[in-house]
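# Report on the structure
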There are 2 protein chains.
Amino acid sequence: MYIENVKSPTDVKKLSVDELKELSNEVRQALLKKLSVHGGHVGPNLGMVEATVALHYVFNSPVDKIVFDVSHQSYAHKMLTGRKKAFLRADKYDEVSGYSEPSESKHDFFVIGHTSTSVSLACGLAKARDLKGETGNVIAVIGDGSLSGGEAFEGLNNVAEQGTNLIVIVNDNQMSIAENHGGLYRNLQLLRETQGTASCNYFKAMGLDYIYVNDGNDVQALVDVFSQVKDIDHPIVVHINTLKGKGYRLAEVQKERFHYSIPFDLETGDPTVSLGNGEDYGDLTAKYLLQKMKKDKTVVGITAGTPAVFGFTASRRQEAGKQFVDVGIAEEHAVAMASAIAAGGGRPVFGVYSTFIQRAYDQLSQDLCINNNPALILVFWGGIESMDDVTHLCFFDIPLISNIPNMVYLAPTCREEYFAMLEWGLRQKEHPVAIRVPNNGVISRNVKPVKDYGAILNRYELVHRGKEVAIIGLGSYYQLAEEVVNKLKKERHVDATLINPRFITGIDGVLLDDLQMHHRLVVTLEDGVLDGGFGEKIARYYGPSQMRVLNYGVKKEFVDRFDLQQLMKKNRLTASQIAEDICVII
Amino acid sequence: MYIENVKSPTDVKKLSVDELKELSNEVRQALLKKLSVHGGHVGPNLGMVEATVALHYVFNSPVDKIVFDVSHQSYAHKMLTGRKKAFLRADKYDEVSGYSEPSESKHDFFVIGHTSTSVSLACGLAKARDLKGETGNVIAVIGDGSLSGGEAFEGLNNVAEQGTNLIVIVNDNQMSIAENHGGLYRNLQLLRETQGTASCNYFKAMGLDYIYVNDGNDVQALVDVFSQVKDIDHPIVVHINTLKGKGYRLAEVQKERFHYSIPFDLETGDPTVSLGNGEDYGDLTAKYLLQKMKKDKTVVGITAGTPAVFGFTASRRQEAGKQFVDVGIAEEHAVAMASAIAAGGGRPVFGVYSTFIQRAYDQLSQDLCINNNPALILVFWGGIESMDDVTHLCFFDIPLISNIPNMVYLAPTCREEYFAMLEWGLRQKEHPVAIRVPNNGVISRNVKPVKDYGAILNRYELVHRGKEVAIIGLGSYYQLAEEVVNKLKKERHVDATLINPRFITGIDGVLLDDLQMHHRLVVTLEDGVLDGGFGEKIARYYGPSQMRVLNYGVKKEFVDRFDLQQLMKKNRLTASQIAEDICVII
């Protein structure tokens with residue numbers, strides 16, 4: 001076993017190329033074992049094993065600085081930079097994050113999780129090096145999928161101008177999360193087919209030097225090329241052709257399935273853990289939209305590289321045909337295009353994770369909301385408990401979206417309400433509409449269906465009229481509000497009022513004024529950060545009055561791989577804590 | 001005069017090519033006259049006259065749809081589409097906006113003012129056309145400067161894949177607002193030098209068809225090429241080489257000076273209106289930073305295509321040398337690069353307009369704040385009265401920036417405080433820091449200089465301790481708070497407390513608790529939108545208490561070319577109105 005002796009990259013450099021191949025095999029086997037037990041990014045990491053080994057053989061990390069784009073392919077790098085136990089020992093599996101993390105190692109320079117940033121970050125490190133008069137290589141490792149994001153282009157455009165040492169490794173595995181989309185990918189294909197010799201070359205057109213490696217999983221070839229470009233005095237792109245999922249047959253074939261996986265059986269590839277009762281809003285949404293598409297040829301689903309977010313599997317994408325567009329990882333384009341489709345009389349539906357919609361704030365504001373076009377955006381996984389990596393937190397979308405004028409941001413509390421809002425959002429022609437898809441499972445409530453949310457804009461649902469205290473439960477936290485109301489009734493004999501606000505973007509002044517008659521306290525519950533959120537607007541509304549207000553949500557802070565129960569308790573988000581706080585005041 | 005008879009593009013089509021040339025001259029003369037009297041975008045419009053005339057000669061607007069990027073070059077288009085009076089008659093000059101505006105004409109499809117969006121918007125219009133089974137051309141007109149923004153790349157990448165009719169006119173005038181920056185511009189140069197025949201071609205690398213027009217101010221050549229590409233069944237780039245400022249010698253030579261101009265003398269080019277006492281924070285900041293740069297070689301100024309925002313004129317940029325970087329119109333890259341320069345031990349200062357910082361929310365959150373790197377961002381013109389075009393409003397930066405964890409967003413109230421904060425922001429190594437540069441002129445206050453804002457994080461300045469009511473005046477609205485305090489004292493004999501919060505991103509709980517002793521009302525004043533802003537956090541803090549809170553700022557709405565006094569009054573932002581409201585409560 002070579003891996004056992006690799007305490008740092010120094011130990012990699014002691015090996016022969018044949019031994020590097022053996023080391024690669026060991027890294028791959030360890031990855032496969034951990035991934036099958038623990039889950040994680042499968043395909044991206046398996047494809048990058050040889051390149052990572054070769055990078056650490058040739059370059060001198062951390063003096064030479066490697067920046068991994070998204071950093072979901074940095075597992076082998078972690079194994080070679082002092083963190084191998086977290087891959088070799090099951091009891092240590094959770095000791096490293098799934099992304100690069102400076103607090104773990106001096107070989108990591110940034111916490112990274114969103115796509116297309118590596119070239120810009122490398123550009124900054126190189127600039128700091130140059131300003132300080134230092135030397136050393138700066139290396140960005142970016143996948144072909146990540147090239148579709150605008151920031152990657154902006155970075156490449158600036159690298160050429162900077163003009164000093166910067167090596168961009170383009171890890172071309174011919175896939176994004178799903179398949180790639182865009183004209184650029186024809187050029188990458190041409191470059192692969194011509195062994196990098198085609199004269200029409202995207203990277204050269206950006207003013208960059210360029211070199212191609214046909215087998216990006218061949219350690220010898222990689223070592224040769226990396227040695228050649230090491231200490232180069234100008235920027236260069238090293239385009240390596242790798243196999244996503246390399247060495248695990250199922251992942252090589254089912255590339256989308258094994259981009260990321262929950263724990264799975266190595267033999268069959270089947271998941272070994274269950275994901276609940278199987279009904280989820282993504283799946284339900286795709287079914288619903290496919291029906292709509294059949295009836296109305298102007299309905300079009302849009303994704304920015306993550307079709308699974310709203311249930312558009314490969315077969316459903318095929319079924320939708322021209323009525324489904326994957327723009328690549330390009331949220332800005334997705335929002336602008338959706339706005340323009342709506343302006344042109346189409347019915348666009350952009351499905352997106354909460355953590356990624358923030359990549360398109362300017363487009364939401366400028367292209368969409370100033371123009372007041374009736375595009376529909378479905379924000380999935382918005383809430384505290386959906387993703388717990390600090391780079392993928394899903395609780396900032398309310399401040400981001402709801403403070404933009406003209407936007408109607410809806411917060412359904414159950415299945416029936418979600419589909420009523422979806423139906424209206426798709427049909428109406430008055431407003432840019434976003435829906436925060438519930439994040440607490442598919443729950444049914446016995447609610448009267450609303451046909452026209454435009455006709456009741458910013459009117460809250462008064463579910464139960466009580467007194468003394470009113471609880472406003474927004475979206476996914478409606479059920480928590482119910483729980484608090486029940487608890488107050490049962491344990492404290494308080495008959496609290498229960499409200500489903502439905503609209504995140506507006507204030508129901510009539511209802512709020514009415515509450516002043518028989519209530520002393522209004523409590524807001526939202527599944528997101530407090531700062532800039534929904535509750536603060538209620539606090540502002542009541543500011544000049546005698547009404548007391550308590551806002552619940554999470555504190556403004558970046559948390560990483562948190563214990564959900566602890567976080568909830570810390571923010572006093574359990575029904576008991578909330579009831580307790582209420583009773584102190586009323 | 002031909003222009004007098006052009007009521008719509010139909011009338012353009014009746015002319016001969018020689019007459020089109022004469023029409024172009026008339027349009028140019030009218031533009032020059034209006035621009036010199038009224039101010040506006042000079043160079044971009046003068047350069048696009050012939051292309052606009054040719055577009056309307058060949059294409060059939062509005063069935064064929066033209067989308068102008070930024071739309072600051074759409075004046076000639078406005079003249080040819082029923083709005084010529086607003087250019088020919090001085091009393092009508094204000095009847096059109098400086099950007100495309102659907103409410104003015106069916107020939108405009110979007111309100112546009114931020115850069116790099118046209119291709120994505122055109123893509124959406126084309127998609128809607130295709131879904132509806134309609135025909136017609138969709139045309140995006142985009143300048144070479146706008147190509148540096150990531151969204152333009154995302155759009156081009158998707159145009160090729162969409163595959164149907166879409167014509168991208170690249171209006172290459174070899175300039176952005178200032179000079180262009182980036183490797184891409186070498187390729188544009190190569191294409192110009194080779195009459196478009198170079199085999200390494202950025203647009204072809206994106207999978208697009210391509211055609212070059214060497215003289216983009218030659219009506220005949222443009223008519224020929226536009227006729228050739230009209231009704232094409234796939235996307236094509238028409239690269240036209242135009243002269244920025246064409247036909248006005250001073251603008252042809254001083255391209256940066258005449259990108260946009262306030263009213264000027266046609267003979268001399270000198271401004272004919274004064275811009276106040278000449279002292280402004282941009283100019284002062286550049287002088288300050290140049291001094292710093294000389295002492296510390298790691299200090300580096302960064303701009304995203306708008307160096308004037310913090311006083312970096314061409315000569316100052318030259319003086320700064322490698323310590324000043326213009327990344328092109330690429331705010332995402334600018335923020336990520338700044339973060340990485342800080343991580344690498346440099347001292348980056350990114351100067352940016354309030355309206356454009358919103359183009360980089362994800363980078364502020366992910367690249368900068370999660371990583372907690374000590375980069376410094378100077379947000380200029382933040383406030384209600386800086387820009388009044390709906391696309392350039394500068395009052396959304398507080399909700400955008402201040403709700404991101406780890407960020408320290410500072411609001412200086414005067415010259416001394418601004419420079420103390422700038423000094424600290426540049427020196428400290430603990431926090432990402434943004435400063436909202438005052439927007440109400442360079443005002444001096446007799447304040448004790450603070451050396452270390454990190455040591456007093458989130459502690460507000462208690463300027464005057466009174467009772468009953470406390471006024472918190474944030475940043476540019478500190479002077480308004482002073483005015484209210486004086487008014488209350490003089491007219492109502494109320495001794496109000498006056499507070500300068502200094503920090504937008506934090507709550508001074510000790511001070512706020514202390515106020516509860518002798519105050520019944522806390523008033524917040526902020527030069528920005530209320531929703532998601534500073535005041536709401538104060539309202540939330542006091543929510544559970546008996547303290548009354550009044551928040552002042554502007555309502556969440558898009559306003560366009562507003563009357564400042566009216567807007568202030570409507571939002572009850574005059575000192576009299578605020579004092580009046582206060583007296584109703586206390």
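The structure displayed is predicted, hence computed values, not measured ones.

### A look at the relation of the copies chain A and chain B
Under the fitted operation, chain A is carried onto chain B by 0.0 Å of movement along the axis and a turn of 180°, and the coordinates agree to an RMSD of 0.0 Å. The transformation just described matches what one would write down for a two-fold rotation axis.

### Structural notes on the environment of A:Gly454
Residues and elements named next belong to chain A. In this fold, Gly454 is placed in the loop between strand E13 (433-436) and strand E14 (461-464). Gly454 gets classed as partly exposed once you look at its relative accessible area, which sits at 28%. Expressed as a C-alpha distance, the spacing of Gly454 and Ser199, which sit 255 residues apart in the sequence, is 55 Å.

### Re helix H4 (residues 49-58) of chain B
Judged by how many residues are buried, H4(B) sits mostly within the fold: 9 of 10 residues are covered. By the burial criterion, the buried members of H4(B) are B:Val49, B:Glu50, B:Ala51, B:Thr52, B:Val53, B:Ala54, B:Leu55, B:His56 and B:Val58.

### Points about the interface of chain A and chain B
Taken residue by residue, the interface counts 107 residues in chain A and 107 residues in chain B. Regarding the contact of chain A and chain B, the summed buried area is about 8700 Å², with carbon and sulfur atoms giving 55% of it. If you sort the residues of chain A by the area they bury against chain B, A:Leu131, A:Arg540 and A:Phe558 come out on top, with a joint share of 8%. Here B:Arg540 ties to A:Glu536 by a salt bridge, and the two come within 2.8 Å at their closest N and O atoms. Sort the elements by how many residues they give to the side of chain A that touches chain B and helix H8 (residues 150-162) of chain A lands first, with 10 residues. Split by residue class, the side of chain A that touches chain B holds 43 nonpolar, 42 polar and 22 charged.

### As for the packing of H8(A) against helix H8 (residues 150-162) of chain B
Running from N to C, H8(A) and H8(B) cross one another at 115°; their axes reach a closest spacing of 7 Å. Taken together, the axis directions place H8(A) and H8(B) in an arrangement best described as roughly perpendicular. Where H8(A) crosses over H8(B), the two elements pack in a sense that is right-handed. For the pair H8(A) and H8(B), the contacting residues are A:Gly150, A:Phe153 and A:Glu154 in the first and B:Gly150, B:Phe153 and B:Glu154 in the second. Taken together, the residues of the contact of H8(A) with H8(B) sort by class into 2 nonpolar, 2 polar and 2 charged.

### Let's talk about unusual backbone geometry
Residue and element names in this part refer to chain A. With an omega of 10°, the peptide bond running from Ser61 to Pro62 counts as cis. Here Pro62 is to be found in the loop between helix H4 (49-58) and strand E2 (65-68). Its identity is not glycine, yet Asn458 carries a phi of approximately 65°, on the positive side. Checked against the element boundaries, Asn458 lands in the loop between E13 and E14.

Procedures and definitions
Residues numbered from 1 in each chain as written. Chains lettered and ligands numbered in written order. Predicted model: local features only at pLDDT ≥ 70, side-chain atom pairs only at ≥ 80, totals over all residues. Heavy atoms only, no water. Least-squares fit on C-alpha atoms with pLDDT ≥ 70 in both. Helix = DSSP H or I, 4+ residues; strand = E, 2+ residues; numbered from the N terminus. Buried < 20%, exposed > 50% of the residue type's maximum accessible area, 1.4 Å probe, protein only. Contact = heavy atoms within 4.5 Å. Buried area = accessible area lost by both parts, 1.4 Å probe. Salt bridge = Lys/Arg side-chain N within 4 Å of Asp/Glu carboxyl O. Nonpolar A, V, L, I, M, F, W, Y, C, P; charged D, E, K, R; others polar. Axes fitted to C-alpha atoms, helices over the stretch in contact; angles between N-to-C directions. Parallel < 35°, antiparallel > 145°, perpendicular 65-115°, else oblique. Left-handed = near helix turned anticlockwise from the far one by under 90°.

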